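# Structure assessment
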Amino acid sequence: MTARVHKNLAHAPAMRSAGTRRSPLRLELRGITKRFGDLVANDQISLTVEPGEIHALLGENGAGKSTLMNVLYGLLQPDEGEILVDGRPIKIKGPGDAIAAGIGMVHQHFMLVPVFTVTDNVMLGAEQIRGPGGFLDHAKARKLVVDVSHQYGLPVDPDAVVEDLPIGVQQRVEIVKALTRDVDLLILDEPTAVLTPQETDELLDVMRGLKAAGKSIVFITHKLREVKAVADRITVIRRGRTVGTAAPDAPESELADLMVGRSVLLRVEKDEAVPGRPVLSIADLVVADDRGLQAVGGISLEVRAGEVLGVAGVQGNGQTELVEAVMGLRPIAAGSIKLLDDDVTAWGTRKILDAGVGYIPEDRGVDGLVREFSVAENLVLDTYAKSPNGTRFALNRSKIESGAAEKISEYDIRTRSPLHAVGTLSGGNQQKVIVARELSRKLQLLVAAQPTRGVDVGSIEFIHKRIVAERDTGSGVLLVSSELDEVLSLADRVAVMYRGRVLAIVSPDTPRDEIGLLMAGITGKQPLPADTPGEVREAAGDTETPDAEADGEETAS
Amino acid sequence: MTATTLDTAVVAPAAYWTRARKTGLILTVLGVIATVVFGALASSRSAHFSFGTDVSGAAMSIPGRLGAIVFGLVALGAGLALYFTQARYGLWTSISLAAFVISSLCWQISRAATGDTIALGLLAQLTVLAALPLIYGSISGVLCEKTGVVNVAIEGQLLTGAFFAAFVGSVTHNPWLGLIAAALGGVLISALLAFFAIRYVVEQVVIGIVLNSFALGITGYLYEQIMQKNAAYNSPGSLPVWEIPLLSKIPILGPAVFTGTILTYGAFLVVAVVAIALTRTRWGLRTRAVGEHPTAADTLGVRVLGLRWANVLMAGVVAGFGGAYFSMVSATSFTKNLTGGAGFIALAAMIFGRWQPIGAFLAALFFGFAGALASILGSIATPIPSAFLNMLPYIATIFAVAGLVGRVRAPAADGKPWVKGH
């Protein structure tokens, strides 16, 4: 792909609409400080991005990377510090100023209007106008999209509606959107978080191509592998401060230490699993999503006592619906679910929980906690009516609070008191409240969905250890995570989900590339199970150019 | 790219009871009712229809019982067609409903106590007139909600517009100034809505209801204090009626569409302008973007709150004109609660019209038709009590909003306050 970009650049004088051609841009941030109340999100951060370099901004979740970039893009105003472009200090009061200064941004959560076409999304805010009255010139805008996407090797269908596009393509639309605005510096905020490994590789290629075309890139991520693959220089941020810069050839462990501030176990230590009898047996499960479309299409799985079954897959391939069906939170269209010897297909959630199932939901703010309730109250959400916490009619407050104090120390939950609202805790500590609550019952099965999403590294380590410990007591664990590393390090067996199906169950020692291909729906030996190949072709043709399809086949074979 | 190469469309479960089948079944049942019940109840007298605005020169007559049965069968057939073919949803539904209505008319007119003729020209004219405030109101709603602000205050905007039109029109002895004042009255409520909903992120439905009560209270009070005591403050005069030469002579449509005050022509103009501007202009693109995903618009330098303010104020102008209809066209003075809930029907028309200007316009006409039919049937004393006929628009609203629209999709950010930097 890089090659294609070079070739096109040679005969592609800038097709872009307006603006004079700038020379590559040099960006300097000096002493940027941003506070939210007591929290100092950015503390005197300085950073220089040289023209035409890929500058990685590395740090954990919550380290302040996104805040810094939102300041740079004008979405937030800094409390102190200044921004210099080519040596001249500039004021960025809003995204409009940033774009005018040649700075574009691709946000972690895409800033695309789902019901608009690609062209409409690209031109929004910088519309092509014809005649008085502000009438849109769709033809011209469409041509701009086509030109820019050809120029930089980013195939997109200008007429497709964005919500129908796969995530990877939506990201391309975002990049095209920034490029049509004639920016010279592109901020990519966690661009790989939602991509399959193969899509990630392609994005890295695109980044190299952009660099070759003279663009500077700020690449925000917490994934060391990607940084090493593509960055020219690395700045590490921890707790709102720059803690160091490194060259891309620095060893991963050194970068990790910088990020976290101490040595981290990158792998979870665990013994060989001793699987017992099946705890959870899912047979031919079919579940619909909120729109009534089939999300889980006939899955059969078994989780045995004393093992962790990891479900890997890119988000949105039916994992959420699978978990909700197991927990009795979503109607089951067909198939059956057995817990030990009981058929629980028609059971309600309460009954399932009482049968010894623990549940760490994927969205703790929505399903896991009542944010306004105290830590103590959240710790008994499932057992408030049981001794010693209370009876059917009354709560035993003192017992609830003393029980909470025990769990707070056992699970190292950082809160000012058991009576503080759980919403005031950091993400990692909120998650530990859930883990503490769920693991304090005697379990047969633990269902953990994205158990460490948005959690700091220290808490990740802790939660991982607790999950393994629960396994070692003889519970079965169903682990669902879109972080492949998490699945590989925790699971004893890995089921790869794609489009509502389990494509394969493999050992966690399987090479990442192979699992990556499975996550992309490519089994290597045969095409997709079931669905007719004819349909597959058609659907792909809607969103992909022939070029891209060829790429895909090369990789697949 | 690799990942998407083998993408398949997720297959929807093939449920038997699709929307077409459900609707088809309902229409079939209505057809059976029409054929059997209306046919049985109808007398052999003929129902007459004239094309002008009065009953003279009746141009068409249908034997009552035969008509009720034949049109009932048409309704039934169209329903069955939809059920079995599951195609041409709009066509079959329209045919079936129209036939049902005609069957019902055949029955009712054949049993009417004081007349046997319906003037179709008059029916069309009353339909358009009854629809006018609904058109203005629902377009006001579209302007607000497309940009992400829920507008439940249409009723308040109409009422305040009606009051301002009456008062200023009376004081200045100039209905045109009254018309301008009506727009300002609408803007006043809009400004309050925008101030609380956008500036202070108050729950938008709540503030809308509060503004309706406020408008009712304040205009009622001022009416009692000023207008009731001195009728000179409550005689705005009426807007001149313009007939368009030749076109106004077209049977049925002429008196409805090409005869009327500036508000009639203005309504068509407003619908056309908003419909075109929303889809074809920069303003429209940005408005829709702000209503769907304000943060995305913001990151591209669109002034989200500014645009919301502008659109909500514009909605006030439109609704204000709609208010003027009440005190300068349908009546020539203001009374307490003059608008009588039209704003809520306009809101329903907006939803029925799926937040689209043309859809809202058609829905408003449909509701207007229901009202016009009720008043005409009432005047010839048909067997159904007029109280029931007057319920017709409301019943139509409930059915329309609940079932017949299918999947309704409001702008994604409708009613969600947006604060920069969150």
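Computed from a predicted structure; not experimentally measured. (Residues numbered from 1 in each chain as written. Chains lettered and ligands numbered in written order. Predicted model: local features only at pLDDT ≥ 70, side-chain atom pairs only at ≥ 80, totals over all residues. Heavy atoms only, no water.)

All right, on to the packing of helix α6 (residues 154-172) of chain B against helix α8 (residues 204-227) of chain B then. Residue and element names in this part refer to chain B. Where α6 meets α8, the closest approach of the two axes is 8 Å, and the angle between their N-to-C directions is 20 degrees. In terms of axis orientation, α6 runs roughly parallel to α8. For the pair α6 and α8, the sense of crossing is left-handed. Contacts from I154, E155, G156, L159, T160, F163, A166 and F167 in α6 reach N212, A215, L216, T219, L222, Y223, I226 and M227 in α8. (Axes fitted to C-alpha atoms, helices over the stretch in contact; angles between N-to-C directions. Helix = DSSP H or I, 4+ residues; strand = E, 2+ residues; numbered from the N terminus. Parallel < 35°, antiparallel > 145°, perpendicular 65-115°, else oblique. Left-handed = near helix turned anticlockwise from the far one by under 90°. Contact = heavy atoms within 4.5 Å.)

All names here are of chain B. Splitting chain B by domain gives domain 1 (19-111) and domain 2 (120-404). Centre-to-centre separation of domain 1 and domain 2, based on C-alpha positions: 31 Å. Taken together, the contact pairs 14 residues of domain 1 with 18 residues of domain 2. Across the domain 1/domain 2 interface, buried area totals approximately 1200 Å², and carbon plus sulfur atoms make up 69% of it. On the domain 1 side of the interface with domain 2, the three residues burying the most area are F51, T53 and Q108, jointly 42% of the side's total. The tally of links from domain 1 across to domain 2 stands at zero salt bridges. For the side of domain 1 that touches domain 2, the secondary structure elements donating two or more residues are α2 (19-41), β1 (46-50) and α4 (89-110). If one sorts the elements of the side of domain 1 that touches domain 2 by residue count, α4 sits on top with six residues. (Domains from an automatic or database assignment. Buried area = accessible area lost by both parts, 1.4 Å probe. Salt bridge = Lys/Arg side-chain N within 4 Å of Asp/Glu carboxyl O.)

Before going further, it helps to examine the packing of aromatic side chains. Residues and elements named next belong to chain B. Scanning all chains against the criterion turns up 18 aromatic pairs over all chains. With a centroid separation of 6.1 Å and an interplanar angle of 5 degrees, the aromatic rings of F163 and F167 are classed as stacked. Of this pair, F163 and F167 are both found in helix α6, four residues apart, which corresponds to roughly one turn of the helix. Judged by relative accessible area, which is 5%, F163 ranks as buried. Seen from their ring centres, Y223 and F334 are 6.0 Å apart, and the 65 degrees between their planes marks the pair as edge-to-face. Of the two residues, Y223 sits in helix α8 while F334 sits in the loop between α13 (304-330) and α14 (342-352), which places them 111 residues apart along the sequence. (Phe/Tyr/Trp six-rings, centres within 6.5 Å; stacked < 30°, edge-to-face > 60°. Buried < 20%, exposed > 50% of the residue type's maximum accessible area, 1.4 Å probe, protein only.)

Residues and elements named next belong to chain B. In the sheet, β1 pairs with strand β2 (residues 60-63) via four bridges, with the strands oriented antiparallel. Bridging across to β2, A47 finds its partner in I62. The pairing of β1 with strand β3 (residues 117-119) spans three bridges and is parallel. Bridged to S50 within β3 is A119. (Pairing = 2+ DSSP bridges.)

With omega at 5 degrees, the peptide bond leading from S387 of chain A into P388 of chain A counts as cis. Non-glycine residue D182 of chain A carries a positive phi angle of around 60 degrees. D182 of chain A sits in the buried class, given a relative accessible area of 8%. Of note in the backbone geometry, W355 of chain B takes a positive phi value of approximately 60 degrees without being a glycine. Mapped onto the secondary structure, W355 of chain B falls in the loop between α14 and α15 (357-379). Using a relative accessible area of 8% as the deciding quantity, one classes W355 of chain B as buried.

Within soluble globular proteins, side chains that are nonpolar generally end up buried alongside one another. I135, I139, L263 and F334 of chain B are the most contacted members of the largest nonpolar core, which has 61 residues in total. Those elements giving two or more residues to this core turn out to be α5 (120-146), α6, α7 (175-199), α8, α10 (262-280), α13, α14 and α15 of chain B. No other element matches α5 of chain B, which puts nine residues into this core. Contacts of F334 of chain B, omitting those with residues within four sequence positions, involve L159, A162, F163, A166, T219, Y223, M227 and N234 of chain B. Of all hydrophobic cores here, the second largest spans 45 residues; its members include V308, A448, V487 and V494 of chain A. (Core = buried A, V, L, I, M, F, W, Y, C linked by side-chain atoms within 4.5 Å.)

Turning our eyes to something else, we now look at helix α18 (residues 512-519) of chain A. All names here are of chain A. Within the span of α18, buried status applies to I515, G516, L518 and M519. Down the axis of α18, the buried side of the element spans an arc of 160 degrees, and every buried residue falls inside it. Those residues of α18 hidden inside the fold are in contact with α7 (197-212), α17 (484-490), β21 (493-498) and β22 (501-506). Following α18 by one or two positions, G521 adopts a phi angle in the positive range, close to 85 degrees. (Arc of directions from axis to C-beta.)

The subject of this paragraph is the sheet that holds strand β15 (residues 308-312) of chain A. All names here are of chain A. Strand order in the open sheet formed by six strands is β18-β19-β20-β15-β21-β22, and the pairing between neighbours is mixed. Looking along the sheet, the strands with just one partner apiece sit at the ends: β18 (357-360) and β22. Here the strands of the sheet are splayed against their neighbours by 15 degrees on average, with no regard to which way each runs. Of the pairings in the sheet, the one linking β15 to β21 comprises four bridges and is parallel in character. Counterpart to A312 in the pairing with β21 is V496.

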